[in-house]
Amino acid sequence: MKKNLFIALEGIDGSGKSTQAKFLAANFEKEGHKVYLTCEPTDGPIGAMIRSIFNHKMEADHRVIAGLFVADRLEHLLNKTHGILKKLDEGFTVISDRYCFSSYAYQGVHMSLDWVIEANSLSAELLRPDLNIFIDVDPEISMVRLNKGRDSIELYETLENLKIVKDKYFEAFKKLNSKENIFITDGNYSPEVIAANIWKGVSQLL
Ligand code: ADP
Ligand code: TYD
């Protein structure tokens, strides 16, 4: 039986996380893993509320958004039928498109990073990823990709904000370096090259 893993994909909007999640799932399946692909914000009721704030259908203060992400993440972990902990128990390798570092980076822009880390500590202590994979892309490039693929821009998707978010990711990586396993990959290559580089990083865990 293969040891099943929990992998988090991180990066600014448009960095290629969803694209790489699919490559990574296929590579794990080739290795004989059962794979469960999931994402945050979740598709549950708290995630749906977050998405309506991001789509400008609802308004909320950044502190409320931070609280919603804390709750959405706990639900993502603890849901009795399809929570990440349940899926890991069932032997799945779980790949999550975003996890705690997304809150450190995005909510860390609006409140202190220490507060965000503390607010998410229940989740982080329940489950730390075997690997946090950060796809490192210039905000200018991700903005071009986002503008190509969509006709509306979500709450946090401005060039100025994504620059600050990227810096916050690195601040959080530095702060949590001793607690978290972090793999940074250059996201400015083709999807296939990035997938191969990520797989090299993941292979060390197999
Ligand atoms: P994210 O999930 O991080 O927002 P996506 O995987 O949805 O990113 O990618 C955003 C857009 O960029 C999509 O249109 C996708 O096809 C494209 N894309 C993804 N990876 C690359 C890449 N390495 N080079 C160029 N375009 C890419
Ligand atoms: P996502 O659907 O992953 O967007 P994208 O595919 O464009 O990267 O995430 C939606 C937004 O949610 C994105 O702008 C990042 C934000 N977000 C936070 O602000 N905090 C969090 O903890 C998470 C998980 C996401």
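Our subject is the structure that appears above.
The rules behind each value
Counting of residues starts from 1 at the beginning of each chain's written sequence and follows it residue by residue. Whichever chain is written first is A, and whichever ligand is written first is 1; the rest continue in order. Local features in this predicted model are restricted to residues of pLDDT 70 or higher, and side-chain atom pairs are both shown and tallied only at a pLDDT of 80 or more, whereas totals for entire chains, interfaces and linings draw on every residue. Water and hydrogen atoms play no part in the side-chain values, which are based on all heavy atoms of the structure. For each residue, the accessible area found with a 1.4 Å probe, counting protein chains only, is set against the maximum for its type, and the residue is called buried under 20%, exposed over 50%, and partly exposed in between. What counts as a helix is a DSSP run of H or I of at least four residues, what counts as a strand is a run of E of at least two, and both are numbered from the N terminus. Here, strands pair whenever DSSP counts at least two bridges between them. Residue contacts are counted whenever heavy atoms from the two residues lie within 4.5 Å of one another. The criterion for a residue being near a molecule or strand is simple. One of its heavy atoms has to lie within 4 Å of it. Here a polar contact is taken to be a pair of N or O atoms separated by no more than 3.5 Å, where protein atoms must pair a possible hydrogen donor with a possible acceptor and residues adjacent in sequence count only if both atoms sit in side chains. Here the nonpolar group is Ala, Val, Leu, Ile, Met, Phe, Trp, Tyr, Cys and Pro; Asp, Glu, Lys and Arg are the charged ones; every other residue, Gly included, is treated as polar.

Asker: Describe the pairing of strand β1 (residues 6–10), listing the residues and the values that go with them.
Answerer: Where burial is concerned, most of β1 is hidden: 5 out of the 5 residues are buried. By the alternation rule, side chains of β1 split into F6, A8 and E10 and I7 and L9, which are all buried. Here 4 bridges tie β1 to strand β3 (residues 93–97), and the two strands are oriented parallel to one another. Considered in β3, the bridge of F6 is made with V94.

Asker: Quick rundown of helix α2 (residues 45–54)? Include the residues and the values.
Answerer: Every buried residue of α2 is accounted for by G47, I50, S52, I53 and F54. Here the buried face of α2 lies against α3 (62–78). Just downstream of α2, H56 is the residue with a positive phi angle, here 65°.

Asker: With reference to specific residues and values, describe the site of ligand 1.
Answerer: Taken together, G14, S15, G16, K17, S18, T19, R145, Y189, S190, P191 and I194 are the residues near ligand 1. In the model, a nitrogen atom of ligand 1 is placed 3.3 Å from a nitrogen or oxygen of the R145 side chain. Between ligand 1 and the protein, one listed contact pairs a nitrogen atom with a backbone N or O atom of Y189 at 2.9 Å. Listing elements by their share of the shell around ligand 1, those giving two or more residues are α1 (17–30) and α10 (191–203).

Asker: Tell me about the site of ligand 2, residues and numbers included.
Answerer: If you check the shell around ligand 2, you find 16 residues, and the closest are D13, K17, R98, S103 and Q107. Between a nitrogen atom of ligand 2 and a side-chain N or O atom of Q107, the distance comes to 2.8 Å. A distance of 3.4 Å separates an oxygen atom of ligand 2 from a polar side-chain atom of E157. Contributions of two or more residues to the shell around ligand 2 are made by α2, α3 and α5 (100–106). No other element matches α5, which puts 3 residues into the shell around ligand 2. When the residues that make up the shell around ligand 2 are grouped by side-chain class, the tally is 5 nonpolar, 3 polar and 8 charged.

Such coordinate-based values are descriptive only and should not be taken to indicate function.
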